[in-house]
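Observations on the model geometry
Listed below, chain by chain, are the residues.
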Amino acid sequence: MIFTVTPLYALPVAAIYLILWFRVSAMRSAQGVSFGDGGNALLLQRIRQHGNCAEWSAFVVILMVLAEGMGAPALYLHISGALLLIGRIAHPFGLKADNAGHPLRYVGNGTNILAALNAMVCLGANIVGL
């Protein structure tokens, strides 16, 4: 089976993941912190931005791969992929220690939930033969 849709979204999401990882590593190096956040709120923020990306990206991409492998329509895969990408771009800018209700945090979380639900519906529809 050749996957044609999911990789279009997996690649830019992987690039975002690596950028967020680099920001954590660079700050750890600059602050001399090898483990944890060393009490640095900005480092903790960057750790959570990266961690949230890892958590959601892996979850949604796995769902997309399974859905694509089962023959889900490309349109629905593009919907999940676009929502995931929007969420991964928006969320790091909205995850702020001093503003739990930042609009971009809601955009990031909301689009990722919708991406996951859409892919889950695709999987469910294929399982029951719709």
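Here's what I pulled together on the structure shown here. Just so you know, the residues in each chain are numbered from 1, in the order the chain's sequence is written. Under the rules for a predicted model, residues below a pLDDT of 70 receive no local features and side-chain atom pairs below 80 are neither given nor counted, while totals for whole chains, interfaces and linings still include all residues. To get the side-chain values, take all heavy atoms of the structure and skip hydrogens and water.

1. Remarks on the nonpolar core
For the purposes of this section, nonpolar cores are sets of buried Ala, Val, Leu, Ile, Met, Phe, Trp, Tyr and Cys residues that join through side-chain atoms within 4.5 Å. Only protein chains enter the accessibility calculation, which uses a 1.4 Å probe. A residue is then buried if its area is under 20% of the maximum for its type, exposed if over 50%, and partly exposed in between. Membership of the largest hydrophobic core comes to 21 residues, with the highest contact counts inside it found for V60, A67 and L84. Going through the elements one at a time, α1 (6–31), α2 (41–69), α3 (74–94) and α4 (103–128) are the ones with two or more residues in this core. No other element matches α2, which puts 6 residues into this core. Every helix listed is a DSSP run of H or I at least four residues long, and every strand listed is a run of E at least two residues long, numbered separately from the N terminus.

2. Some thoughts on α4
Expected span, for any helix, means 1.5 Å times one less than how many residues it has. If you check α4, its first and last C-alpha atoms are 37 Å apart, about what 26 residues at 1.5 Å a residue would give, namely 38 Å. Considered for burial, the residues of α4 that qualify are G108, T111, N112, A115, A116, N118, A119, C122 and L123. Among the residues trailing α4, G129 stands out with phi positive, at a value near 85°.

3. Some remarks on the packing of aromatic side chains
Pairing of aromatic side chains requires ring centres within 6.5 Å, counting the rings of Phe and Tyr and the six-membered ring of Trp. Pairs whose planes differ by under 30 degrees are stacked, by over 60 edge-to-face, and all others tilted. Within the structure shown, the criterion is met by 1 aromatic pair. Aromatic pair W56 and F59: ring centres 6.0 Å apart, planes at 65°, arrangement edge-to-face. With W56 and F59 both in helix α2, this residue pair falls 3 residues apart, about one helical turn.

4. Overview of the environment of R46
Looking at the secondary structure, you find R46 in helix α2. By relative accessible area, which is 18% here, R46 ends up buried. Between the C-alpha atom of R46 and that of S25, which follows or precedes it by 21 residues, the distance is 9.5 Å. Note on contacts: a residue pair qualifies if any of its non-hydrogen atoms lie within 4.5 Å across the two residues. Apart from the residues within four sequence positions on either side, R46 is in contact with R23, V24 and M27.

5. Some thoughts on the packing of α2 against α3
α3 packs onto α2 with a crossing angle of 175° between their chain directions and a minimal axis gap of 11 Å. It follows from the interaxial angle that α2 and α3 lie roughly antiparallel. Across from Q49, N52, C53, W56, S57, V60, V61, M64, A67 and E68 in α2, the residues of α3 making contact are L77, S80, G81, L84, R88, H91 and P92. In this classification, Asp, Glu, Lys and Arg are treated as charged, Ala, Val, Leu, Ile, Met, Phe, Trp, Tyr, Cys and Pro as nonpolar, and every other residue, Gly included, as polar. Partitioned by chemical class, the residues of the contact of α2 with α3 number 9 nonpolar, 6 polar and 2 charged. Each axis is a line fitted through C-alpha atoms, and for a helix only the stretch in contact is used; angles between axes span 0 to 180 degrees, taken between their N-to-C directions. In this scheme, roughly parallel covers angles under 35 degrees and roughly antiparallel covers those over 145, while 65 to 115 is roughly perpendicular and the rest are oblique.

6. Overview of α3
In this model, α3 (21 residues) spans 30 Å end to end at C-alpha, consistent with the 30 Å of a helix rising 1.5 Å per residue. Burial in α3 covers these residues: L77, S80, G81, L83, L84, L85, G87, R88, A90, H91, P92 and G94. Residues of α3 that are buried sit in contact with α1, α2 and α4.

7. So, the pattern of salt bridges
Basic side-chain nitrogens of Lys or Arg form a salt bridge, by our definition, when they fall within 4 Å of a carboxyl oxygen of Asp or Glu. For the coordinates displayed, the defined rule picks out 1 salt bridge. Its salt-bridge partner being E55, residue R48 comes within 3.3 Å of it at the nearest N-O pair. With a relative accessible area of 34%, R48 lands in the partly exposed category.

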